Amino acid sequence: MNRQIVRILQQNHRAAARFAIALKADDCPACFRLDVACNAAFDDWTALSEGAYLLRSNISDCSDQQLWKVYIQLTQAEAALRIHKD
């Protein structure tokens, strides 16, 4: 059961941060209890970032516009390489 939970969370990694899920021993017939709690901090972050594109970088000597332009050029180069590969 624990492996299935991990697999589901890996497949939905963005949504996985919203929940704290734990499988705990219990006296019920199944011998386990599934505890699920919502992370309120994730909901706050989601509300703030909704409709926005967040680009993080360790480059500090470029302006925001220059960094965005370099990122777009990188995605275009990757798309061209994929086309060339096919």
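The paragraphs below set out a description of the structure included in this document. (Residues numbered from 1 in each chain as written. Predicted model: local features only at pLDDT ≥ 70, side-chain atom pairs only at ≥ 80, totals over all residues. Heavy atoms only, no water.)

### Examining the packing of aromatic side chains
Working step 1: Counting across every chain of the model gives one aromatic pair.
Working step 2: Here Trp68 and Tyr71 contribute two aromatic rings whose centre-to-centre distance is 5.6 Å and whose plane-to-plane angle is 40°, an arrangement assigned as tilted. You can see Trp68 and its partner Tyr71 sitting in helix H4 (residues 64–85), three residues apart, about one turn around the helix.
Working step 3: Look at Tyr71 and you get partly exposed, because its relative accessible area is 24%. (Phe/Tyr/Trp six-rings, centres within 6.5 Å; stacked < 30°, edge-to-face > 60°. Helix = DSSP H or I, 4+ residues; strand = E, 2+ residues; numbered from the N terminus. Buried < 20%, exposed > 50% of the residue type's maximum accessible area, 1.4 Å probe, protein only.)

### Quick notes on the pattern of salt bridges
Working step 1: Counting across every chain of the model gives three salt bridges.
Working step 2: Note that Lys24 and Asp35 form a salt bridge whose closest N and O atoms lie 3.7 Å from each other. Separated by eleven residues along the polypeptide, Lys24 in strand S1 (residues 19–25) and Asp35 in strand S2 (residues 32–38) bring together distant segments of the chain.
Working step 3: For Lys24, a relative accessible area of 39% corresponds to the partly exposed category.
Working step 4: As a salt-bridge pair, Asp35 and Arg33 come within 2.9 Å of each other at their nearest N and O atoms.
Working step 5: Residue classification places Arg33 among the partly exposed residues on the basis of a relative accessible area of 37%.
Working step 6: In this structure, a network of salt bridges that share partners links the residues Lys24, Arg33 and Asp35. (Salt bridge = Lys/Arg side-chain N within 4 Å of Asp/Glu carboxyl O.)

### Quick notes on a nonpolar patch on the surface
Working step 1: Taken together, the side chains of Phe19, Ile21, Leu34 and Val36 present a nonpolar region at the surface, about 320 Å² in accessible area.
Working step 2: Counting only elements with at least two residues in the nonpolar patch, the list comes to S1 and S2.
Working step 3: Position of Leu34 relative to the elements: it lies in strand S2.
Working step 4: Residue Leu34 is classed as partly exposed on the basis of its relative accessible area, which comes to 44%. (Patch = residues over 30% accessible without salt bridge, like charges linked within 9 Å, V, L, I, M, F, W, Y side chains within 5 Å. Areas by Shrake-Rupley, 256 points an atom, 1.4 Å probe, with all protein chains shown as cover.)

### Observations regarding the state of the cysteines
Working step 1: The tally for this structure, following the rule as stated, stands at zero disulfides.
Working step 2: Not engaged in a disulfide, the cysteine Cys31 finds its nearest cysteine sulfur in Cys28; these two sulfurs lie 6.6 Å apart. (Disulfide = S-S within 2.5 Å.)

### Here we look at helix H3 (residues 40–49)
Working step 1: The opening residue of H3 is Asn39, an N-cap whose side-chain oxygen sits 3.1 Å from the backbone nitrogen of Ala41.
Working step 2: Gly51 lies just past H3 and shows a positive phi near 85°. (Polar contact = N/O pair within 3.5 Å; in protein donor to acceptor, adjacent residues only side chain to side chain.)

None of this, on its own, says anything about what the molecule does.
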